[in-house]
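Take a look at the letters that make up each chain.
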Amino acid sequence: MSSYKKQIHEYITAHKDDMTEFLSRLISYKSVMGEPAENMPFGKGCAEVLGEFLSECGKFGFKTKNIDNYAAHADMNDLPPSLGILCHLDVVPEGTGWTSDPYKAEIRGDKIFGRGAIDDKGPAAAALFAMKCVRELDIPLKKGVRIIVGCNEENGSEDMEYYLRHEKFPEMLVTPDGNYPVINIEKGMLRCEITDTDFSENIISLHGGSVINAVPELCEAVVKNTSADKVNGIARGIDNIKIYAEDKNDCTYIRAEGVCAHASTPEQGVNAVTAMLTLLGRLFGGKAEALSALFPYGETDGNSAGVKCSDEKSGGLTLVLSVINAENGTLKAYCDSRFPVSKTLDEISSALCKNLADKGFSAKIVLGSEPHYVDSDSDFVKSLLAVYEDVTGEKGECIAIGGGTYVHDTENGVAFGAEFPGEDNHMHGADEFIKISSLLLNAEIYANMIASVAISD
């Protein structure tokens, strides 16, 4: 635990306006992945926000290095970097539903609104000011500290692949790209493409879901050889879903409305695609019924697809049929699975593809990663938990998640913040925000982390 806690608190509190002003500048850059250009591998916005961040690092006296606008780093002292803080400055598209300009920070009370406020520009600003705090308080360090910033976390982390061809990560690595206290386990993940060329002659079109990593909230179908009355009769036997049917132009138009959720927590959503498949299977049988049998409406544990499993450390597997498109008998669909640390990508993918093939579907894995695990009893993890407890007064413990953070593909990295338990900052949604009080508390935690971890031999 840091003996500089009081000094750090006073420093961070005194620099509240500086931090909020810097975060506001970062938010002003539309750093959504764009068309690559010369020396701008992820587009103009990403290159510009990286330059803004490095400029601020330079003002603080940190030695910076830009790795061809893929990523960059800044060192707070001249010692070999042993502690790394990994942040990203790219953001997801703004989407719709905002009550303010997503790229013009707006302060309302204790909240700063803007795309990237919590993911991950706010935490990056907090980490940078934590380093500035430790340096200006002249806290003696025996280890080097480096902040690393990238611009492609939201689209596959090509930035880090490129960075690691030129640099290496410090032995201790944290990212403020998750939740407190410490995320030391991230489940494995796979995405599977499912195809069929003889799906159903009665289904003229079928479309549901838009992204693979989310429970689909909408599915629509145009079918023949049935009626709206028959559809509505069957729909009454399918719980917790809104299904509408209308006869028009010798066809029946069907719409299912569910509830969106992240694919790592599918139990929080209502899957409109699997509800529609249940309906179509009962109407027509055939391949719709076969696909529904593998992905039953309401099931999220992969039992019917033959991949159900769990372990004590990371919990159970999840499986979501998230995107479906069919026209003229040709089907293409995608599913997303998050699996526990006791299983390998090959074990889950082999079983899933075999069971799909047994039902007559072609299947191939289009994306996959092994689980990520860092020992909760390591000295580094225990030191992070001790800092969290000391600064917040709350219990520090390790948690496992089904989602992935920026350190998923690293050897020893853990997520340390930036969201506190019980917070909902509308990450990836409209009106994303961070509380100013949380921004300051993050900076305090990271400064105390640096003072605790880098001050010892």
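The structure this text deals with has already been given above.
Residues numbered from 1 in each chain as written. Predicted model: local features only at pLDDT ≥ 70, side-chain atom pairs only at ≥ 80, totals over all residues. Heavy atoms only, no water.

Focus: the overall build of the chain
Thought 1: Scanning the chain from N- to C-terminus turns up 11 helices and 26 strands.
Thought 2: Residue burial in the chain is summarised as follows: out of 457 residues, 56% are buried.
Thought 3: Put simply, of all contacts in the chain between residues at least 6 apart along the chain, 75% involve residues at least 24 apart.
Thought 4: Accessible surface, the chain as shown: approximately 19,100 Å² in total, 46% of it carbon and sulfur.
Thought 5: In the chain, 42 side chains carry a positive charge and 70 a negative one; their mean positions are 1 Å apart. (Helix = DSSP H or I, 4+ residues; strand = E, 2+ residues; numbered from the N terminus. Buried < 20%, exposed > 50% of the residue type's maximum accessible area, 1.4 Å probe, protein only. Contact = heavy atoms within 4.5 Å. Areas by Shrake-Rupley, 256 points an atom, 1.4 Å probe, with all protein chains shown as cover. Lys, Arg positive; Asp, Glu negative; His and termini not counted. Charge placed at Lys NZ, Arg CZ, Asp CG, Glu CD.)

Let's talk about the environment of Ala235
Thought 1: Tracing the backbone shows Ala235 in helix α6 (residues 228-235).
Thought 2: Residue classification places Ala235 among the buried positions, given a relative accessible area of 10%.
Thought 3: Between the C-alpha atom of Ala235 and that of Ala333, which follows or precedes it by 98 residues, the distance is 23 Å.
Thought 4: What Ala235 contacts, discounting residues up to four positions off in sequence, is Ile243 and Leu279.

A short note on the pairing of strand β13 (residues 218-223)
Thought 1: As defined by bridge partners, strand β11 (residues 203-208) adjoins β13 across five bridges and the pair is classed as antiparallel. Within the sheet, the bridge partner assigned to His207 lies in β13 and is Glu220.
Thought 2: By the bridge criterion, six bridges tie β13 to strand β15 (residues 251-257) in an arrangement that is antiparallel. Paired with Val222 across the two strands is Tyr253, which belongs to β15. (Pairing = 2+ DSSP bridges.)

As for helix α10 (residues 379-392)
Thought 1: Here α10 spans 20 Å end to end across 14 residues, near enough to the 20 Å set by a 1.5 Å rise per residue.
Thought 2: Downstream of α10 by a residue or two, Gly393 has a phi angle that is positive, lying close to 80°. (Expected span 1.5 Å × (residues − 1).)

Quick word on unusual backbone geometry
Thought 1: Residue Asp120 is bonded to the preceding Asp119 through a cis peptide linkage, with omega at 10°.
Thought 2: Structurally, Asp120 can be placed in the loop between β5 (111-113) and α4 (121-136).
Thought 3: Cis rather than trans, the peptide bond between Tyr180 and Pro181 has omega equal to 0°.
Thought 4: The phi dihedral of Asp68 is positive, around 55°, even though this residue is not glycine.
Thought 5: Assignment of secondary structure puts Asp68 in the loop between β1 (63-67) and β2 (71-75).
Thought 6: Assessed through its relative accessible area of 36%, Asp68 is described here as partly exposed.
Thought 7: Not every positive phi belongs to a glycine, and His428 is a case in point at roughly 70°.
Thought 8: Residue position: His428 is located in the loop between β25 (418-419) and β26 (433-435).

Some remarks on the sheet that holds β5
Thought 1: Read across the open sheet, the three strands follow the order β4-β5-β26; overall the sheet is antiparallel. Looking along the sheet, the strands with just one partner apiece sit at the ends: β4 (106-108) and β26. Here the average twist between neighbouring strands, direction ignored, is 25°.
Thought 2: Sheet analysis places β5 next to β26, joined by three bridges and oriented antiparallel. When the bridges of β26 are listed, Phe113 appears paired with Phe433.
Thought 3: Relative to β26, helix α11 (residues 436-453) is tilted by about 70°, and along the sheet it contacts β4, β5 and β26. (Axes fitted to C-alpha atoms, helices over the stretch in contact; angles between N-to-C directions.)

Topic: the packing of helix α1 (residues 5-14) against α11
Thought 1: Orientation of α1 relative to α11, taken along the N-to-C sense of each, is 140°, at an axis distance of 10 Å. For the pair α1 and α11, the crossing hand works out as right-handed. Of the residues in α11, those in contact with Lys5, Ile8, His9 and Ile12 of α1 are Leu440, Ala443, Glu444, Ala447, Asn448 and Ala451.
Thought 2: For the contact of α1 with α11, a count of residues per class yields six nonpolar, two polar and two charged. (Left-handed = near helix turned anticlockwise from the far one by under 90°. Nonpolar A, V, L, I, M, F, W, Y, C, P; charged D, E, K, R; others polar.)

Remarks on the sheet that holds β13
Thought 1: The eight strands are arranged β14-β15-β13-β11-β19-β20-β10-β21 in an open sheet whose pairing can be described as antiparallel. Either end of the sheet is taken by a strand with one partner, and the two such strands are β14 (242-248) and β21 (362-369). This sheet shows a mean twist of 20° between the axes of neighbouring strands, independent of strand direction.
Thought 2: Here α6 sits on the sheet and contacts β14 and β15; the angle it forms with β14, its principal contact strand, is near 170°.
Thought 3: Along the sheet face, helix α9 (residues 345-358) touches β10 (188-196), β19 (318-327), β20 (330-339) and β21 and points at about 20° away from the line of β10.

Let's talk about the packing of aromatic side chains
Thought 1: This model, assessed by the stated rule, comprises 13 aromatic pairs.
Thought 2: Between Tyr180 and Phe416, the aromatic rings sit 5.3 Å apart at their centres with planes inclined by 85°, giving edge-to-face as the arrangement. Linking Tyr180 in the loop between β8 (178-179) and β9 (182-186) with Phe416 in the loop between β24 (414-415) and β25, this pair joins segments that are 236 residues apart in sequence.
Thought 3: Overall, Tyr180 belongs to the buried group, its relative accessible area being 2%.
Thought 4: Site record: aromatic cluster; members linked through ring pairs are Phe22, Phe53, Phe60, Phe62 and Phe129.
Thought 5: One cation-aromatic arrangement involves Lys132 over Phe60; the distance from NZ or CZ to the ring centre is 5.0 Å.
Thought 6: Over the aromatic face of Phe361 sits the side chain of Lys287, whose NZ or CZ is 5.3 Å from the ring centroid. (Phe/Tyr/Trp six-rings, centres within 6.5 Å; stacked < 30°, edge-to-face > 60°. Lys NZ or Arg CZ within 6 Å of the ring centre and 35° of its normal.)

Thoughts on the nonpolar core
Thought 1: Phe53, Ile147, Phe416, Ile445, Tyr446, Met449 and Ile450 are the most contacted members of the largest nonpolar core, which totals 86 residues.
Thought 2: Broken down by element, the residue count for this core peaks at 11 residues, all from α11.
Thought 3: Excluding its chain neighbours within four sequence positions, the residues that come into contact with Tyr446 are Pro123, Ala126, Ala127, Ala130, Pro176, Tyr180, Phe416, Gly417 and Ala418. (Core = buried A, V, L, I, M, F, W, Y, C linked by side-chain atoms within 4.5 Å.)

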